[in-house]
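Structure at a glance
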Amino acid sequence: MARDDLIEDWFVLTRETMPALAAERGRPVRLDHCFQRILLDNAVGARWRDRIAAPAYRHATDAQLQRALELGRAVVAGAQDLATLNRRSLEWRGKRVR
């Protein structure tokens, strides 16, 4: 997939698809930057800013962006649990997780 297509897919997924589904499914995470944080953190296995310069969409490798997209698509399909991914992301950031 071309880089421009990866970036376009990234923004459609995190700015349109996931927020719309979150509202529909009554999920507490609803903002695009929160979805981006969760997916990127889990794609790199750590706080994304420790591995990727900001802005992430511009500096992530194709493989990192593709992995984040795969995770997001799995969330949309119901094959991946967003709450689990969010907890993991928050733990990497030293946040208290309930």
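Right, let's walk through the structure included here. (Residues numbered from 1 in each chain as written. Predicted model: local features only at pLDDT ≥ 70, side-chain atom pairs only at ≥ 80, totals over all residues. Heavy atoms only, no water.)

**Comments concerning the packing of helix α2 (residues 32-44) against helix α5 (residues 82-92)**
- One way to put it is that α2 packs onto α5 with a least axis distance of 9 Å and a crossing angle of 75°. Comparing their axes, α5 and α2 come out roughly perpendicular. Residue-level contacts link Phe35, Arg37, Ile38, Leu39, Asp41 and Asn42 of α2 to Leu82, Leu85, Asn86, Arg88, Ser89, Leu90 and Trp92 of α5.
- Looking at side-chain class alone, the contact of α2 with α5 contains seven nonpolar, three polar and three charged residues. (Axes fitted to C-alpha atoms, helices over the stretch in contact; angles between N-to-C directions. Helix = DSSP H or I, 4+ residues; strand = E, 2+ residues; numbered from the N terminus. Parallel < 35°, antiparallel > 145°, perpendicular 65-115°, else oblique. Contact = heavy atoms within 4.5 Å. Nonpolar A, V, L, I, M, F, W, Y, C, P; charged D, E, K, R; others polar.)

**Observations concerning the packing of α2 against helix α4 (residues 62-77)**
- Contact geometry of α2 with α4 gives a least axis separation of 8 Å together with a crossing angle of 120°. As far as their axial angle goes, α4 and α2 are oblique. Where α2 crosses over α4, the two elements pack in a sense that is right-handed. Where α2 abuts α4, its residues Leu39, Leu40, Asn42, Ala43 and Val44 lie against Gln64, Arg67, Ala68, Leu71 and Gly72.
- Here the contact of α2 with α4 is composed, by residue class, of six nonpolar, three polar and one charged. (Left-handed = near helix turned anticlockwise from the far one by under 90°.)

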